[in-house]
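# A closer look at the structure
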Amino acid sequence: MDNTSGSNSNNNNKSMRRQPTPPDTEVSKAPGTVAPDTPPTYDTVFREPQLVSEDTIGNDQVPALIPADDHQAWSAIEPKWTDDNWSKNDAWGEPMPWDSSWAGGTTHKVMDLDARDQEEETNWWDAELRETRNRPGSGMLPPFVAELLHNPEHSLFSVSVTAPDLKPIGDVSPFTPPSHDEILRAVPHANTYYCRRHHSWVFLQWKTSTILPPFAKSFDSKQHPPLPDQDRRKRSVSCAEDSFDKSKKTHHFHFYPKAVDSSQLNPPFHRAPWEVTAQRKQKRRKITSLSLDDSSAKDLDVIMNEDPPEGHVEGELLDLYVCCQCSVYCIASEAMPGVIASRYVEDFTKYRYEHPAIGRLPDESVVSGWETLNTIIENKLWKGKNGQLPIFGKAFQNKIGWSPTTDVIFKQLGFNIVSRTEAPGTPEERMVEFLTPPNSEPDSPEGQEARLKLLRFWVETNAYLVDYRRRFATALKNYVPHPLHVKIDSAREMYQQAIGAHPDQSKEVLLCSLVEYVPLLETWKVLGITPTTCSPDILIFAYMAQCRCDPANTILYFTHFYAVVAAIQSLGGVPPQELQTLVLEERSRGRFTEEDLQNAAGVLGFGKDGALRLELEDDIEDDFLAEAWRTAVKSAWRDAKDCTQLQRDANEAFRVIAQSRGSKKLMKLWSESSKNQMDPSRAYSVLEVSADVDDELVLTVFMMRVEEQPHQSDKWREALRTIAEVRDSSRLRHFLDEGKDPGDIVTPTRADLPRGLNQLGNTCYLNSLLQYFYTIKELREAVASMANIDIKALEDEKYSEDDLKRHRVGGRLITRREILRSKKFVSQLADLFWQLQYCENQAVTPTIDLAKLALVTSRDEEEEEADRGGTDSSNDTDATLVEDGPVRSSYDSNGSVLGKRPRDEQRIDMDVDAPTSPIMEEKNGYVMVSRQSPSRGSKSPRLNGESSSSTMPLPSQIPDVEMANQENSQVEEKKPPPLPTRKPTHSDSVMMFGKQHDVSECMDNCMFQIEIALLKFDGLNDSDNQSSVVKRLFYGKLRQRLTQVPAQRRPRTSIHEKEDLFSHLPVNVADNGIDIYDGLSGYFDDVVDYEGEKARMEVSLVDLPPLLQIQLQRVQFNRETLQPYKSQAYVKFGETIYMDRFLDTADPGKRTRSKEIQTELNAQRERLRLLTQDKHAPFPASLRSTLDFFTKQETLMLTDVDDELVANLTGEPEIVEAEIVGLKDTISKLKEELENVWKDDTSVAYELTSVFIHRGSSPSFGHYFFYSRHLPEQPDNWFKYNDHQVTEVSKNEVLADTTGSTANPYLLVFAKKDRDIVRTVNRFDPMSFEDIDT
């Protein structure tokens, strides 16, 4: 091997680099910087790529990023929008930001900006207006672009090549040395730059042109923001050189990925042949539409290697950065790997460093190794040496060494390994391996490709060595290097200056501490700037340019701009005056931050702690928002002290929300009302009337004022409108609209329309419950008998111990206190029912006492009084306070005494009665169960996240079914532990009503009190007491059967059975795709934990109640976040449900077949859920993303990723999708088969009567309303009870698919068909009296 090189000759002593497009002008250096063509320089006849212009720009110096002239002189510049009358903002009546008289009379003028639009900036929220302006979207400033062009921590080098003057030594076979053009093409393109860190090339070109580069045919403009206005770009050659237009502080670039076709450039750029082959391999991996089963490998090769149709060939796809203010643009590529991948370059360097040759230092060994590789290529190309290289020869091992990395390098260069036997037939016989160089003669396509690859490798190795010698010059000071023939220049300053991103072109840094300030990392990205080059003026320019080019995200940009100012203050600094001024000006124009938006929602009552207890979400209707705003304004009017400020806050909050939603309807409403800024006290003062006068006198005074001072009629009308709103006066509104006094009018409400209930504050669920009770005929009539009772007489009424022991409610004795509060509650409820029947107004307001009695249990009252130091129990004897039955508790929610269901662990607030005794030992295969075990049917899953503390016990229990061979045994009862002392709370609801509970607990409490209030204590009609209206209407009987499989310690199958009462049936709502029958099946046949083992729990219905309540359990528990969440899954239900299949008397054969189908159906659904809804689902998309990563990435060499793996991945998404389609088809067929089993069992029919709705994404709060079917008169119509509003709706709205909505049913009520149970409308008909008279 010859490591020497010949002397240089004058003919070849020229540095060669591919000639770029000749520029019309050079880029001159900025003051204090080094121009690109200044030292270090190299002998070259070619100019480095520079800012190329099609128009003459001039020879001025590159200006600073911010013009050097004093910004105080800006005020002398005439505003660009004088002719457009932009000096005033009509919407706010305030000076615009560029009016120097604003902000305390300061003379500082915040910069104007080119191409701003008054109407668009004022109405940035208007999507239709934005569509007409066709803005290019978010942009970025030059320093930010410079970091995107290439990693700022990596250096890019311009590479110049000098042909080596090497001659063959001795006799060699004829060969052709590389020509001048071949050496020129060894550098990929005049505009490509070498990156040592990636060992790759990057294409970069910047240009000033009124014509954009050729777009790739694959670039879909519809998938990207519009291009900047080309007419506007033509008006300016370059922002950086337009010294007369101070509205262009610097470039504002917009990014379009993979937009430019490099093959259409001048000169064009093409990848090398071996790179094209690699790209075809990548393309082979990307094919997902071709099934390997449908086409042979040969067919696939033909498809992959055939030439594309004419006109469909594309080169490298380059990213495009376009300035929207001038003709400058920049195009760039991703890093294009060198001949040898960077990982192998690093591995070889590391190997040589860790295994230095004898007598060499590590860095010397590295350089020597690369120089040896270089010499091998030079000997091959310039000296014609084609001899074999002995791999295990001493020189080879000493200078290069053999390793897996070396093997890859030589194979990539086209060398082959051959073996031959030396000294055959002798004791020294051995097998020797050699490296054979590739054919590099240009007389064949293969030779040309190998020749170009070796030349490219030679150039890249030279560049790598030049950089390595420079970086480790100290360690190599005693090393005698071989001559290199490539010279490199740093290109960073060149392209930074060309696009205006050079550090010397920026002003002072805004605040040093902000550079590494973590909370602002996202801010710099959003504004398109870098913290190290951010001065006050640059920050202002970036913010205003983003708002100009992307008005839809104005609030996002203001949020981040304000975050910078706030960060300066939080770090102890003082924001520059320019920033403070702009913040004030933007605030005056109505700009707000995202935090302001959240606060605005709170002002209108949204949020967890708000009056509405509902999150502000996108699906909230505009009308609902408008009503929330009016409510907030009226609430402000009731505050005598801060009325004016609260009203302003409500109006401002409404505007903020209206703009954030882009709602023209809400903005129009706000605009019209903003003219009325008068509060009630001022309105009365203006008209000079007192607040207690009636509407007629107010109108009289108003007309007098208008007659006396007609020129102030607008003021009088504004005052009258305010009074009309605060009074909610239809008469005054009619006068304002029509100009005529209609006299005393009442808002027309149909006489036959049910009346609504006004909210008392967070009581929408109570309103729904009370309306539901009113629709039940028998319950309504029973409650009506308690109207107008004498409370004083009740308080004086005495009950003996015998009286109190005569009745049990929920399996326990009741107290005098509970009797008294229950009768008070039912009396109040009767009065409310009377108003709902006779009131002519749209809505009725429940009393505070009624709400408190409904929402707060007697147990909570006692605890609160105990906390205050005492309780009134004068009439509560020891006997009345002793509980001899189970009490409802919050600390035990493990389900029935017969077993704990696993799914209960995943839910919160499963309000279940506590067991009072354990199950006794087995007796001949059966078990003895306490008669006073709590009802499994009393489960009451909660929609909110608080644990239950209701004291509502079960209705009086029925005896359990006697078991065969059961022995009498005394069971010792265990009382539940006492409830822990509650800490006092201070929420608004507690202040008004005391401790409140959720919907189900509220229903339990109400039913508990109704049952107590209707009890008789006179000793008569005890039979009636045994069957109260509550029990008759709401309670049925079920049988639970627990089956344990045989075990080692229990050789026989163990069966436990008992009967219980139930008031509602729970349905677990976790996944989509189920209907009401599926949900109930999961309850009637389940697997539970019992005595540490799994057991089957089967439930059947013995007796059904007239009203069947089905609870949809939407509160689920996320085991990863350890937080409850509300399931929004859709559960399909219809107008009728048939309960035959769940009866104890159901056909056993059908039941067995149904279970088999249901088991298979559940398995199929679980598989479908795993593929489409599980943690990593949907799997087809995940598989495609993995495939996309494997086929597109070029930097990493993944040895385990081969064509076979890619081929398998290619077809896997289709396989999974086919499985999903098959699963859906199977599920549909199984469901149909299941329903066919029971299609003839329709004797136990129930019709849907009521649907309770919870709207909101949180399980802890939201808005409640309910639907009630218009029975019996119009069963196809429904009423929607939404607090004070009652409207008629169609059944389609009630039965609609709620997928994607946060308004979902949580309680369904069915009534036995053909039973006169529900009479929805119960209104007084005055015509009935006229009929009597006639």
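Calculation criteria
- Residues numbered from 1 in each chain as written.
- Predicted model: local features only at pLDDT ≥ 70, side-chain atom pairs only at ≥ 80, totals over all residues.
- Heavy atoms only, no water.
- Helix = DSSP H or I, 4+ residues; strand = E, 2+ residues; numbered from the N terminus.
- Buried < 20%, exposed > 50% of the residue type's maximum accessible area, 1.4 Å probe, protein only.
- Contact = heavy atoms within 4.5 Å.
- Areas by Shrake-Rupley, 256 points an atom, 1.4 Å probe, with all protein chains shown as cover.
- Phe/Tyr/Trp six-rings, centres within 6.5 Å; stacked < 30°, edge-to-face > 60°.
- Pairing = 2+ DSSP bridges.
- Polar contact = N/O pair within 3.5 Å; in protein donor to acceptor, adjacent residues only side chain to side chain.
- Core = buried A, V, L, I, M, F, W, Y, C linked by side-chain atoms within 4.5 Å.
- Salt bridge = Lys/Arg side-chain N within 4 Å of Asp/Glu carboxyl O.
- Disulfide = S-S within 2.5 Å.
- Lys, Arg positive; Asp, Glu negative; His and termini not counted.
- pLDDT = per-residue confidence, 0-100.
- Expected span 1.5 Å × (residues − 1).
- Bend = angle between axes of the 7 residues up to and from the residue.
- Axes fitted to C-alpha atoms, helices over the stretch in contact; angles between N-to-C directions.

Before going further, it helps to spend a moment on the overall build of the protein. A tally of regular secondary structure across the protein gives 44 helices and 39 strands. Taken over 1334 residues, the protein has a buried fraction of 50%. For the protein, the share of sequence-separated contacts (at least 6 apart) that also reach a separation of at least 24 residues comes to 77%. Total accessible area computed for the protein in this model is approximately 62,100 Å², and 50% of it derives from carbon and sulfur atoms.

With that settled, consider the packing of aromatic side chains. The description of an aromatic ring pair rests on the distance of the ring centres and on the angle between the ring planes. Tallying each qualifying case throughout the model produces 35 aromatic pairs. An angle of 25° between the planes, with centres 4.9 Å apart, marks the rings of F1266 and Y1281 as stacked. Residue F1266 is found in strand β36 (residues 1263-1270), and its partner Y1281 is found in strand β37 (residues 1274-1282); the two are separated by 15 residues along the sequence. Across the pair, exposure class does not vary: F1266 and Y1281 are buried alike.

Another point: the sheet that holds strand β13 (residues 416-422). The sheet built from three strands is open, its strands ordered β12-β14-β13 with antiparallel pairing. Two strands bound the open sheet, and with one partner strand each, they are β12 (389-390) and β13. Strand direction decides the pairing type here: β13 and strand β14 (residues 430-436), joined by seven bridges, are antiparallel. When the sheet's bridge partners are listed, I417 is paired in β14 with L435.

Another point: the side chain of R589. Mapped onto the elements, R589 comes out in the loop between α18 (577-588) and α19 (594-603). Polar contacts involving the side chain of R589 include one to the side chain of E121, which spans 2.5 Å.

For the rest of this paragraph, the subject is the nonpolar core. In terms of nonpolar packing, the biggest core is built from 64 residues, with V159, W370, L413 and V459 touching the most fellow members. A total of ten residues in this core trace back to one element, the largest contributor, which is helix α13 (residues 445-471). Aside from chain neighbours lying at most four places away, what touches W370 is V345, F348, T349, F457, T461, Y464 and L465. The next biggest cluster of nonpolar side chains, apart from the first, holds 58 residues, and it includes F773, V844, A1013 and F1279.

Another point: the pattern of salt bridges. One pass over the structure, following the stated rule, counts 66 salt bridges. Through salt bridges that share partners, K1037, R1039, R1041, E1057, E1059 and D1144 make up one connected network.

Let us look at the state of the cysteines. Per the stated rule, a full pass over the model turns up zero disulfides. In this structure C239 is not part of a disulfide, and its nearest cysteine sulfur, from C326, lies 3.5 Å away. For C1006, which is in no disulfide, the shortest distance to another cysteine sulfur is to C1002 and amounts to 4.2 Å.

Before going further, it helps to spend a moment on the side chain of E617. Mapped onto the secondary structure, E617 falls in the loop between α19 and α20 (622-637). Although E617 lies buried, it forms no salt bridge, and the closest oppositely charged side chain, R1255, sits 7.3 Å away as judged by the N-O distance. Side chain to side chain, E617 and S1257 meet in a polar contact 2.6 Å long. What E617 contacts, discounting residues up to four positions off in sequence, is R661, S1257 and T1302.

Here we take up the environment of G137. Tracing the backbone through its elements, the reader meets G137 in the loop between α3 (127-133) and α4 (142-149). Taking the relative accessible area as the measure of exposure, G137 reaches 9% and is therefore buried. For the pair G137 and A552, spaced 415 residues apart in sequence, the C-alpha to C-alpha distance is 8.6 Å.

Once that is clear, we can look at the confidence of the model for the protein. Residues with a pLDDT of 70 or more make up 75% of the protein, whose mean pLDDT is 77. When pLDDT is averaged over each helix and strand of the protein, the minimum, 32, is found for strand β22 (residues 926-927) and the maximum, 96, for strand β34 (residues 1136-1138). Scored below 50 in pLDDT, residues 1-108 makes 233 contacts in the model with residues more than four places away or belonging to other chains. Across residues 871-996 the pLDDT falls below 50, and counting only partners more than four positions away or on other chains, this stretch makes 337 contacts in the model.

Sheet topology places β36 next to β37; five bridges connect them, and they run antiparallel. The partner of Y1267 across the bridge, within β37, is K1280. The antiparallel pairing of β36 with β37 creates a hairpin that spans three residues between the two strands. Of the strand pairs in this sheet, β37 and strand β38 (residues 1285-1290) are connected by six bridges, and their pairing is antiparallel. Looking at β38, one finds that K1280 is bridged to T1287.

Here the focus is helix α42 (residues 1203-1237). An ideal rise of 1.5 Å per residue puts 51 Å on 35 residues; α42 measures up with 51 Å between its terminal C-alpha atoms. Of all the bends found along α42, the most pronounced is centred on E1212 and spans about 30°, while P1213, a proline, follows it within four residues. Within α42 the residues assigned to the buried category are V1206, L1209, T1210, P1213, V1216, I1220, L1223, I1227, L1230, K1231, L1234 and V1237.

A few words now on the sheet that holds strand β24 (residues 1036-1044). Strand order in this open sheet of four strands is β25-β24-β29-β28, and the pairing throughout is antiparallel. Every interior strand has two partners, whereas the edge strands, β25 (1054-1062) and β28 (1085-1090), have only one. Ignoring which end each strand starts from, the neighbouring axes of this sheet average 30° apart. Pairing of β24 with β25, which is carried by nine bridges, proceeds in the antiparallel orientation. Considered in β25, the bridge of R1041 is made with E1057.

Before going further, it helps to examine the environment of V706. In this fold, V706 is placed in helix α24 (residues 695-708). Residues V706 and W716, spaced ten residues apart in sequence, show a C-alpha to C-alpha distance of 7.0 Å. Those residues in contact with V706, other than ones at most four positions away along the chain, are S713 and W716.

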